[in-house]
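Remarks on the overall topology
Listed here are the chains, written in short residue letters.
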Amino acid sequence: MERTGAEIFVESLRKEGVHTLFGYPGGVVLNIYDVLYDSDIRHILVRHEQAAVHAADGYARATGEVGVALVTSGPGATNTVTGLATAYMDSVPIVVFSGQVPTHLIGNDAFQEADIVGITRPCTKHNYLVKDVRNLARIIKEAFYLARSGRPGPVLVDLPKDVIVGRTEYVYPETAKLRGYNPTYEGHLGQIKKALKAIHESRRPVVYAGGGVILSNASRELTEFARRLRLPVTTTLMGLGAFPGSDPLFLGMLGMHGTYRANMAVSHADLLVAVGARFDDRVTGKIDEFAPNAKIVHVDIDPTSISKNVQVDIPIVGDAKNVLKKMLGLVHGAEWGGRDEALQGWHAEIEAWRRAHHMDYGQGEEVIKPQYVVEQLHEATGGRCIVSTEVGQNQMWAAQYFRLEEPRCWLTSGGLGTMGYGFPAAIGAQAAFPDRVVIDIAGDGSIQMNIQELATAVQYELPVKVAILNNGFLGMVRQWQELFYDRRYSHTRMDVAPDFVKLAEAYGALGLRATRPGEVRPVIEQALAHPGPVLMDFHVDPEEGVYPMVPAGAPLTKMLLL
Amino acid sequence: MRHTINVLVENEFGVLARVAGLFSGRGFNIDSLSVAETQDPTVSLMTIVTRGDDQIIEQIIKQLRKLVNVLKVTDLHEGQYLDRELVLVKVTATAETKPEILRLMDIFRGKIVDVSPKTYTVEVTGGEDKIRAVLELLRPLGIKEVVRTGKVAMPRGMQNGG
Ligand SMILES: Cc1ncc(C[n+]2csc(CCOP(=O)(O)OP(=O)(O)O)c2C)c(N)n1
Ligand SMILES: [Mg+2]
């Protein structure tokens, strides 16, 4: 039977198992919206296209499924760029569909025309301009396949108006066939054995796990592997939750705002086992002095990640879960006994670092410390919730003080560092899990970048709890000015801020405020008890800093502790 | 180190932009690039001449392979491939230079393809060394304009194409 492009689009989404779509309509996608009117796919009308993409991204990170967004041409499409770049940097599987002017007008500077395929080429895993409705079903199939397979990432599909209204026979392909795309899942057995030999010989090993462990659903394998071989584990910002935060083997996060013991352990290790991590500059500090004595094993599905920033001794291209499973299958037998004795000295050294310095803050009677708010959020929820963050100090305090036990509970823009990400991402996660507690740990600056989404949360009864750590500053930038620019706070003080409580009320949400430490917990309890979305405004110490801190470009051992 | 890399790609719109964008976005050099359809009309071949230390070349090759529309990437090794470039050179033609130009074209098996009262335009085809030599020898005679195709390359026989 012949179908229109719009019908093919909606039917293909259903075939891909899409239940929820985040979108914003406009002229060229009207026909799609007309089909959606009768469809059982839930469409969530955001208030800005950037938020549609972040929501799809949050949905994807929380569920492991592909998130989907739909926008119109021109400004609708260009508004997705930050969302795509955010998802690209963090390897999040999403598919964004944009409307486009009819093919005969492309290149004519038509009304609401933008070359979105050209614009997003460097911030998507791949993108498509559909030029003929007969290719639409195949391209949608490929888009979903590309988004979720290999190293996941965002894919954009641009849909000209005439493709949307055109008609063709509809057959949804069973599989996607791309002759230039064959991700490697199986790790090379010889390399795996070499890595195990190195681990066996090592007396100072550290596992350095990144977001790839979460993307490949390998947390359980990683945990079992580290526990069986008694390997200390540190994770990147993106890897938080890949290993249980309460496990004695956990060193905390490494890098610029990592723990003292994690950074010291990495710097003194004789073997680094990197899994699904990419040696980002925020992690390594001064690259020549990163893990200077360590042999490096690197497991990654993306060959370009290997030996990009540091020379790797034992590369293993493959899927983290697959490789860890193979490794687990090989570590039986007598030679793998006595691990505790073999690593006793190393564990003692790490314990000494832990004692020498652990993160702390002094919560007094008068002023709320932002870290205290994070700890109270953790305590009040028992840690059993999904946490998103904005960017800045709020993000780092959340990373340091909200102990995560499980994967897919942590939504943060690690690679791009996108202020305004957390709230719409939380909305996306809440749409996927209506019954879970979803908290956005926010800054007073960041939250204003997508504050309009309060309307979305209220309209769709998505009870996201936003906790603003309100310091009156673009705090992280202020901290750098304090440390490296002589306290010259150039344009980081936000002298005018909205009354967040009234703002919440204006949108029909609940607004709450705490100005003294004693009010923190009651506000949190009230927020958690409230059935709808809540904006909590915590007035925190305006000049609190994030520590430890490795100044940009310094080696990891040169931490400012304070 | 200079490397010559052959890249087989899907013959689709936008593929050249993807490859060029990869180089510009990541700060890699392109010394020359030529591209055209192969015997299979759905596939094009690009020959890219680039520069970088071993780590950069490794990244370039891996990043090229990562592109969805790229089918095959071959780093061509010195001495194991044939390469050709075509240049057109407009040279000042005076009573003194004319015989020299003719002599050089004879030696390098080039052709005079256009003549004007004051210039000769010559066409030379050859490998990198030959082209360099011709240009060096023509320069003192007064080069007015040079147009080059960039090189195309092919592995020598026995290596089953690529
Ligand atoms: C979209 C965007 N613009 C600018 C920045 C640079 N930046 C990083 S952190 C930060 C301050 C964030 O302020 P706020 O949200 O109040 O968080 P705080 O650091 O105070 O907790 C800024 C401006 C960014 N990361 N993202
Ligand atoms: Mg702030």
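Residues numbered from 1 in each chain as written. Chains lettered and ligands numbered in written order. Predicted model: local features only at pLDDT ≥ 70, side-chain atom pairs only at ≥ 80, totals over all residues. Heavy atoms only, no water.

Scanning chain B from terminus to terminus reveals four helices and nine strands. Put simply, chain B runs from its N terminus to its C terminus through helices and strands in the order β-α-β-β-α-β-β-α-β-β-α-β-β. Residue pairs at least 24 apart in sequence account for 72% of intrachain contacts in chain B once pairs closer than 6 positions are excluded. Surface accessibility of chain B: about 8900 Å² in total, with carbon and sulfur atoms responsible for 54%. One finds the centroid of the 22 positive side-chain charges in chain B at a distance of 2 Å from the centroid of its 21 negative side-chain charges. (Helix = DSSP H or I, 4+ residues; strand = E, 2+ residues; numbered from the N terminus. Contact = heavy atoms within 4.5 Å. Areas by Shrake-Rupley, 256 points an atom, 1.4 Å probe, with all protein chains shown as cover. Lys, Arg positive; Asp, Glu negative; His and termini not counted. Charge placed at Lys NZ, Arg CZ, Asp CG, Glu CD.)

Here we come to the confidence of the model for chain B. All names here are of chain B. Mean pLDDT over chain B stands at 94; residues scoring 70 or higher make up 97%. Across chain B, strand 7 (residues 119–126) holds the top mean pLDDT of 98, while strand 9 (residues 152–155) sits lowest at 94. Note on the complex model: pTM 0.96, ipTM 0.92. (pLDDT = per-residue confidence, 0-100.)

Turning to the coordination of the magnesium ion (ligand 2), a few remarks are in order. All names here are of chain A. Distances from the magnesium ion (ligand 2) to its protein donors, Asp444 (OD), Asn471 (OD1) and Phe473 (O), fall within 2.0 to 2.1 Å. For the magnesium ion (ligand 2), the donor residues sit on a single chain with the sequence spacing D-x26-N-x1-F. Of this pair, aspartate 444 sits in the loop between strand 17 (438–443) and helix 20 (454–459) while asparagine 471 sits in the loop between strand 18 (465–470) and helix 21 (475–484), and the two are 27 residues apart along the sequence. The class for aspartate 444 is buried, based on a relative accessible area of 2%. (Donors = N, O, S within 2.8 Å, 3.2 Å for Na, K, Ca; no water. Buried < 20%, exposed > 50% of the residue type's maximum accessible area, 1.4 Å probe, protein only.)

Once that is clear, we can look at the packing of helix 17 (residues 370–381) of chain A against helix 23 (residues 517–529) of chain A. Residues and elements named next belong to chain A. Where helix 17 contacts helix 23, the two axes come as close as 10 Å, and the packing angle between them is 40°. By the criterion of interaxial angle, the relationship of helix 17 to helix 23 is oblique. Our pair here, helix 17 against helix 23, has a crossing hand that is right-handed. Here helix 17 contributes Tyr372, Val373, Gln376, Leu377, Glu379, Ala380 and Thr381 to the contact with helix 23, which in turn contributes Pro517, Val520, Arg521, Ile524, Glu525 and Leu528. (Axes fitted to C-alpha atoms, helices over the stretch in contact; angles between N-to-C directions. Parallel < 35°, antiparallel > 145°, perpendicular 65-115°, else oblique. Left-handed = near helix turned anticlockwise from the far one by under 90°.)

Take the site of ligand 1 next. All names here are of chain A. In the neighbourhood of ligand 1, 17 residues make up the surrounding shell, with Gln393, Asp444, Gly445, Ser446 and Gly475 lying closest. Serine 446 places a side-chain nitrogen or oxygen 2.6 Å from an oxygen atom of ligand 1. The backbone of glycine 475 places a nitrogen or oxygen atom 2.7 Å from an oxygen atom of ligand 1. Alone, ligand 1 offers 580 Å² of accessible surface; in the complex the protein occludes 76% of this. If you list the elements that add at least two residues to the shell around ligand 1, you get helix 18 (393–401) and helix 21. Here the shell around ligand 1 takes three residues from helix 21, the largest share from any one element. Tallied by class, residues from the shell around ligand 1 come to seven nonpolar, nine polar and one charged. (Near = heavy atom within 4 Å. Polar contact = N/O pair within 3.5 Å; in protein donor to acceptor, adjacent residues only side chain to side chain. Nonpolar A, V, L, I, M, F, W, Y, C, P; charged D, E, K, R; others polar.)

Next up on the list: the pairing of strand 9 of chain B. Residue and element names in this part refer to chain B. The alternating pattern of strand 9 places Ala153 and Pro155 on a buried face and Val152 and Met154 on a face that is not buried. In terms of strand pairing, strand 5 (residues 81–92) meets strand 9 through four bridges, oriented antiparallel. From the neighbouring strand, arginine 84 faces strand 9, where its bridge partner is valine 152. (Pairing = 2+ DSSP bridges.)

Moving on to the side chain of lysine 151 of chain B. All names here are of chain B. You can see lysine 151 is positioned in the loop between strand 8 (143–148) and strand 9. Looking at lysine 151, the relative accessible area reads 4%, which means it is buried. One polar contact links lysine 151 to glutamate 128, side chain to side chain, over a distance of 2.5 Å. Beyond its immediate stretch of four places on either side in the chain, lysine 151 contacts Thr4, Ser32, Ser34, Thr47, Val49, Tyr81, Asp83, Arg84, Glu85 and Glu128.

Let us look at unusual backbone geometry. One can expect most non-glycine residues to show negative phi and most peptide bonds to be in trans. All names here are of chain A. Cis geometry is adopted by the peptide bond preceding proline 548, which originates at tyrosine 547 and carries an omega value of 0°. Structurally, proline 548 can be placed in the segment after strand 20 (534–539). Phi angles above zero are rare outside glycine, and serine 307 is one such case at about 60°. Positionally, serine 307 belongs in the loop between strand 13 (295–300) and strand 14 (314–317).

Residues and elements named next belong to chain A. The sheet built from six strands is open, its strands ordered 16-15-17-18-20-19 with parallel pairing. Single-partner strands in this sheet number two, and they are strand 16 (410–411) and strand 19 (510–514). Both strand 15 (residues 386–389) and strand 17 contribute to a ladder of four bridges, which runs parallel. Counted as the bridge partner of serine 388 is aspartate 440 from strand 17.

This brings us to helix 1 (residues 5–15) of chain A. Every buried residue belonging to helix 1 of chain A is among Gly5, Ala6, Ile8, Phe9, Val10, Ser12 and Leu13 of chain A, and all of these are buried. With its phi angle positive at about 80°, glycine 17 of chain A sits one or two positions after the end of helix 1 of chain A.

Let us look at the pattern of salt bridges. Enumeration according to the criterion identifies 47 salt bridges over all chains in this entry. One salt bridge connects arginine 228 of chain A with glutamate 224 of chain A, and the closest N-O pair in it is separated by 2.9 Å. Separated by four residues within a single helix, arginine 228 of chain A and glutamate 224 of chain A lie in helix 11 (residues 219–229), roughly one turn from each other. With relative accessibility at 38%, the residue glutamate 224 of chain A sits in the partly exposed group. Glutamate 58 of chain B serves as the salt-bridge partner of lysine 62 of chain B, at 2.9 Å between the closest nitrogen and oxygen. Taken together, the positions of lysine 62 of chain B and glutamate 58 of chain B, both in helix 2 (residues 54–66) and four residues apart, correspond to about one turn of that helix. The structure contains a network of salt bridges with shared partners spanning Arg2, Asp31, Arg51, Asp83, Glu128, Asp129, Arg132 and Lys151 of chain B. (Salt bridge = Lys/Arg side-chain N within 4 Å of Asp/Glu carboxyl O.)

Two strands in a sheet stick together by hydrogen bonds in their backbones, pointing the same way (parallel) or opposite ways (antiparallel). Residue and element names in this part refer to chain B. An order of 2-3-1-4 is seen for the four strands of this open sheet, with the pairing classed as antiparallel. Edge positions in the sheet fall to strand 2 (32–37) and strand 4 (70–76), since each of these pairs with one other strand and no more. With direction set aside, neighbouring strand axes in the sheet form an average angle of 15°. Note: strand 1 (residues 2–10) against strand 4, six bridges, orientation antiparallel. Note that in strand 4 the partner of leucine 8 across the bridge is lysine 72.

This part takes up helix 9 (residues 189–201) of chain A. Residue and element names in this part refer to chain A. End to end, helix 9 covers 18 Å across 13 residues, agreeing with the expected 18 Å (1.5 Å per residue, within 8%). Along helix 9, the residues that are buried comprise Gln191, Ile192, Ala195, Leu196, Ala198 and Ile199. End-on, the buried residues of helix 9 take up no more than an arc of 160°, which puts them together on one face. Contact partners of the buried residues in helix 9: helix 11, strand 12 (271–275), strand 13, strand 14, helix 14 (320–330) and helix 15 (339–342). (Expected span 1.5 Å × (residues − 1). Arc of directions from axis to C-beta.)

Let us now look at the state of the cysteines. Tallied over the entire structure, the rule returns zero disulfides over all chains. With no disulfide partner, cysteine 385 of chain A has as its closest neighbouring cysteine sulfur the one in cysteine 409 of chain A, 7.6 Å distant. (Disulfide = S-S within 2.5 Å.)

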